[in-house]
Amino acid sequence: MTPTLHQLNSADPAEAMRLLDGLYEHSPWIAEQALAQRPFASLAALKHAMVTVLAHASVDAQLTLIRAHPELAGKAMVSQSLTAESTHEQTKAGLTNCTPEEFAHIQQLNAQYNAKFGFPFILAVRGPRGTGLAKREIIATFERRLGNPVDFERAECLRNIHRIAEIRLNDKFGFEPVLGNEVWDWHEDLSRHSDPAFAEQGQLTVTYLTDAHRACAADLVVRMRECGFDEVDIDAVGNVVGRYHGATPDAPTLLTGSHFDTVRNGGKYDGRLGIFVPMACVKQLHAAGRRLPFAIEVVGFSEEEGQRYKATFLGSGALTGHFNPTWLDQQDADGVTMRAAMLHAGLPATLEAIGALRRDPSKYLGFVEVHIEQGPVLNEMDLPLGVVTSINASVRYLCEAIGMASHAGTTPMNRRRDAASAVAELALHAEQRAAADGDSVATIGMLQVPGGSINVVPGRCLFSLDLRAPSNAQRDALERDILAQLLAICERRGIGLKTEETMRAAAAPSAPAWQARWETAVNALGVPLHRMPSGAGHDAMKLHEVMPQAMLFVRGLNSGISHNPLESTTSDDIELCVRAFSHLLEQLATEHKH
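The following paragraphs examine the structure supplied in this document. Everything quoted here is computed from the prediction, not taken from an experiment.

### Details of the packing of aromatic side chains
Then step 1. According to the stated counting rule, one finds ten aromatic pairs in the structure shown.
Then step 2. Centroid distance Tyr113 to Phe119: 6.0 Å. Interplanar angle 75°. Geometry classified as edge-to-face. For the residue pair Tyr113 and Phe119, the accessibility class agrees, reading buried in each case.
Then step 3. On the basis of an interplanar angle of 10° and a centroid distance of 3.9 Å, the ring pair of Phe121 and Phe142 is categorised as stacked. With Phe121 in the loop between helix H8 (100-117) and helix H9 (135-145) and Phe142 in helix H9, the pair connects residues that are 21 residues apart, well separated along the chain. The same class applies to Phe121 as to Phe142, namely buried.
Then step 4. Site record: aromatic cluster; members linked through ring pairs are Tyr113, Phe117, Phe119, Phe121 and Phe142.
Then step 5. Over the face of the ring belonging to Phe152 we find Arg159, whose NZ or CZ atom lies 5.4 Å from the ring centre.

### A short note on the environment of Asn148
Then step 1. Along the chain, the position of Asn148 falls in the loop between H9 and helix H10 (150-172).
Then step 2. When its relative accessible area of 18% is taken as the criterion, Asn148 is described as buried.
Then step 3. With 31 residues separating them in the primary sequence, Asn148 and Phe117 have C-alpha atoms 9.6 Å apart.
Then step 4. Contact partners of Asn148, with chain neighbours within four places excluded, come to Lys116, Phe117 and Glu153.

Reading guide: rules and limits
- Residues numbered from 1 in each chain as written.
- Predicted model: local features only at pLDDT ≥ 70, side-chain atom pairs only at ≥ 80, totals over all residues.
- Heavy atoms only, no water.
- Phe/Tyr/Trp six-rings, centres within 6.5 Å; stacked < 30°, edge-to-face > 60°.
- Buried < 20%, exposed > 50% of the residue type's maximum accessible area, 1.4 Å probe, protein only.
- Helix = DSSP H or I, 4+ residues; strand = E, 2+ residues; numbered from the N terminus.
- Lys NZ or Arg CZ within 6 Å of the ring centre and 35° of its normal.
- Contact = heavy atoms within 4.5 Å.

Below is the structure:
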């Protein structure tokens, strides 16, 4: 008989331990200490209690746990001495059915890994969907993680152990993340569309109004209709807009959504999670025959990344009335203007039609957006969700340092005007100055010596500056200090300087009432509440200009990497996200009943 959470909460210590037997390999002490925190509001709360126990354990205790796990396709598997749980997991991933070549390669990787780290490689081989990773994915992950630093890899092993425990916990209590699995599958399905040159290499790239982009839009239209939206259409800039009517014709509207375009060779979840999660909530409402005291408008924004044309936030900007008319004449790398691309896609390509997309903020309650975190914070803390406090302010520059090219052998060190060394000095200062602020970041992402040679002191250096902070004032102070230091470095070294500001975006602090609704939703799930700024820009930044907004982040795997094929999240975390969104809808429904 499958136990319930209520049984666990009310069981005597011995019975409770029996119910949690085998979650952590040969390490019952983790569950035992976690049980002191009963009662648990949810399985997610229980999981986090065990995460906390292990986080507070000594390094020796953590290493003992890691070493209690068998090697993948190792001697324990061959001798059939694995625990029942490990046998099930390795079998599900096909590791009990390796070819001799695969087995030999995994054995070699095991030896290399143990020699470097001193503990076995741990991977949750049932994967983010719980159905098992392919052997090629397991081997590729093994090879990639061999390059990690030791302390980082120990933490990565622990994160995978917690994922293994989460899946085992689900199995024990008969829990399946049905909503999370469905939304996870939607992402997989949509990722089959990719621009041709990238599709051939198995890479995901969807840029504005390409055939792949239009195929994604068509798929979203079909999916929204299947979910039960009352109206679904593609608007004048290619946004996919679905509306689920409220209980009355004059009901206000909650606006939500995110973008479905990608960077080149990007991931499957960036943007798209914010479209699919509210779609799943509408599907639930439609299945129950429920109407809320407000309408729900979900927009799959057609463009946010600025990859084909230099027109970032085109999709959401059209809704705020900020479409730049000069964009229509921009050309892509093949010389195709945006106007021509729109006409080819069957869009009107007129400023009148685009201008008509502007929303009247008085008819909207606000804008909420769900997004994968795109960073390592939640992953390192082993937290599934984070509530965004503000989208960071940012400013970007393209710069040129101008020195004097001279012979590397004959120019004494005290006679040089080395442009690259000046920028290197700035890079170190920018790193230290941003770190002193805590949440500020400074990046020199492009650094080039044009026509450089191995035996020539660099006479020119082209570089970029990207500065971000949670508030405009903090960004401005960071910018002021770094630019002043840049000038001082150049003057001291006899270096000329050119700077060009290429982008400036104001901070978008979350509306307090909307942030509070997300916080209430997260608390209701029984998982810890974590507040955090967003270092990346989002469509919510544009909507912030005309209506209140707030965002919810979902943890990413692989150190939270994004804009990368390794971008991923689990169906369990997506499940929690859908439930949080549903809870926010219920809060709003209660508020607007009267």
